[in-house]
Every structure is written in structure tokens, then in C-alpha cells.
Amino acid sequence: MKKLFIMTAVLLITASTIFAGESSCPADRASAIGYNPFGDFHHLMAPVWHTAWAEKDFKTLLEAGPQFEELFVPIAKMESKLKSEKRNEVFLKNREAFAEAVKLFADACKAGDKDKAYELMPNLHDTFEMTASALLPLHYPEFDGFVISFNLLNENHIPTNNIDGINGTVETLLAKMDGLCEKTIPSEIVESKEGILKEFAEIQKLVTLIKECCDKKEMDKLKTHAQELSTLLDNFVVKFI
């Protein structure tokens, strides 16, 4: 359950951060989930993009070229943790464009061509952010919503033996099962549709069994099935998210 809790926490933290108007930069978010080179690159990118480029501070802009080139090295060597081949292909394609942008900008800076460097800076910034974005957790609101409700059941209502809470949350899970279907599978992982639908069928079985336990007031069996569902959801995250 630990991985599932962490995933949900990351999703909630990300959402609250964006809502609060704090950093929603893809590079910062990628760094926060373990892709540290993006954080290092962004530490330089932020002042160069928001200040030097915006204010046409050409001296600072030209000085940044070799530094960007150096900071790109660990990004070039980094391997993604993406489970989807399609998503990984998008990341690699974006990184290739990012690499070209870094080279062109660095070459302009080394040549002292301030106008060219100024012209190239927006593309460098955009390819940087796009590459980081490709590494972020998959957005699957239907699955995320199901997980949040299940965590409420498994981590709050079951441990406190809150019967009303258990019954109400199980009804919510049954309703949210409708969202776990073929039409909601994100395009990024649709290549794994067959495996995903099999997992959904297993989730459906366990939710049905949990509902039956509620109706029969068989709390010991309910707890067993809840743990089985917890493991199933953990495995789903590991395989597909």
C-alpha cells in the first residue's frame, strides 16, 4: 500500500501546489519525483529566462550557454522510469529536440552572437519544459479518484470500524468502477489496453466481494478482500502508471 499512498500524495501535493500558485513548472515537478538533473537545469534556466532574456541582459545570456551545455550532460545520460513504450518514445523525441536546442544556443553564445542567442532562447526553454513534462506521472483522473476513495476506506474507515463510513465508501467505489473502462484509458498507455482491462475486471470482482461482505456484515472477510484490492491497485500502478 505504501507505493499507492505515495502516488496519491504526489498527485494531491501537485494539485494543491498549482492551486496555491506556487511552482507548477514541469521541471520542478520532474525533479521532485526523482529526475534531479531537471532541477539543476531549472536552477539556471529560471533567472536566465525570466530575467536575462526578458530584460535583454545579453552578457548574462551569453554566459549561460556553456553552463546549459554542461548541465545537459546528466539529462542526456538519464534513463526514464516510464512503463509505457509509447510514453518513453515521446520523452526520447522531446529530449532529442532539447539536445539540439542546447547545442544551437551554446554555439551562438560561444560565437558571441547575442541576437542569435536571444532568438534561440524561447525554443531552448520550451524544449526543456516539454522534455520534463514527458516524465511526469500519468494523468488518469478516473483511476486517481478510485484510489482516493479506496484509501479512505482502507486507511480510515476499516481501522476505526466505522460501519457507516465503510458502507458509504463501498457504494462510492461501486459507482467509480464505471470510470474504470476502455474509453477512459489514457492514450499514453492504450497499448496496454488488454492487460489493463483484465486488471479492471479483477478490481471489479474484489469491489463486488467487499460489497457482499458489507451486506452480510462479514467484517473479517471484508478486511481480507480490502488487502487483496490494495495489493492489486499497487500492482496496477507498478505495471501501468
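Residues numbered from 1 in each chain as written. Predicted model: local features only at pLDDT ≥ 70, side-chain atom pairs only at ≥ 80, totals over all residues. Heavy atoms only, no water.

## Topic: the pattern of salt bridges
Consideration 1: Throughout the structure, instances matching the rule amount to 12 salt bridges.
Consideration 2: Residue Lys110 pairs with Glu69 through a salt bridge whose shortest N-O separation is 2.7 Å. Here the residue Lys110 occupies a position in helix H5 (residues 85-110), and Glu69 occupies one in helix H4 (residues 58-77), the gap between them amounting to 41 residues.
Consideration 3: Notably, a salt bridge pairs Lys116 with Glu119, separated by 3.7 Å at the nearest N-O pair. On the criterion of helical spacing, the pair formed by Lys116 and Glu119 is a turn pair, its members being 3 residues apart in helix H6 (residues 114-133). (Salt bridge = Lys/Arg side-chain N within 4 Å of Asp/Glu carboxyl O. Helix = DSSP H or I, 4+ residues; strand = E, 2+ residues; numbered from the N terminus.)

## Focus: the environment of Asp178
Consideration 1: Structurally, Asp178 can be placed in the loop between helix H8 (163-176) and helix H9 (193-216).
Consideration 2: Measuring from C-alpha to C-alpha, the distance between Asp178 and Gln204 comes to 9.5 Å, with 26 residues separating the pair along the chain.

## Side note on the confidence of the model for the protein chain
Consideration 1: On average, the protein chain scores 89 in pLDDT, and the residues at 70 or more come to 90%.
Consideration 2: For the protein chain, per-element mean pLDDT is lowest for helix H1 (residues 2-19), which scores 42, and highest for H4, which scores 98. (pLDDT = per-residue confidence, 0-100.)

## Some remarks on the packing of aromatic side chains
Consideration 1: Throughout the structure, instances matching the rule amount to 14 aromatic pairs.
Consideration 2: Note on Phe41 and Phe98: the rings are 5.2 Å apart at their centroids and 75° apart in plane angle, and the pair reads as edge-to-face. Of this pair, Phe41 sits in helix H3 (residues 36-53) while Phe98 sits in helix H5, and the two are 57 residues apart along the sequence.
Consideration 3: Judged by centre distance (5.6 Å) and plane angle (45°), the rings of Phe98 and Phe128 are tilted. Of this pair, Phe98 sits in helix H5 while Phe128 sits in helix H6, and the two are 30 residues apart along the sequence.
Consideration 4: The buried category is assigned to Phe98, whose relative accessible area is 0%.
Consideration 5: One aromatic cluster is present, built from ring pairs that chain together Phe38, Phe41, Phe68, Phe72, Phe98, Phe105 and Phe128.
Consideration 6: Sitting over the ring of Tyr35, Lys81 keeps its end group 5.0 Å from the ring centre.
Consideration 7: If you follow Lys114 out to its NZ or CZ, it ends over the ring of Phe58, 4.7 Å from the centre. (Phe/Tyr/Trp six-rings, centres within 6.5 Å; stacked < 30°, edge-to-face > 60°. Buried < 20%, exposed > 50% of the residue type's maximum accessible area, 1.4 Å probe, protein only. Lys NZ or Arg CZ within 6 Å of the ring centre and 35° of its normal.)

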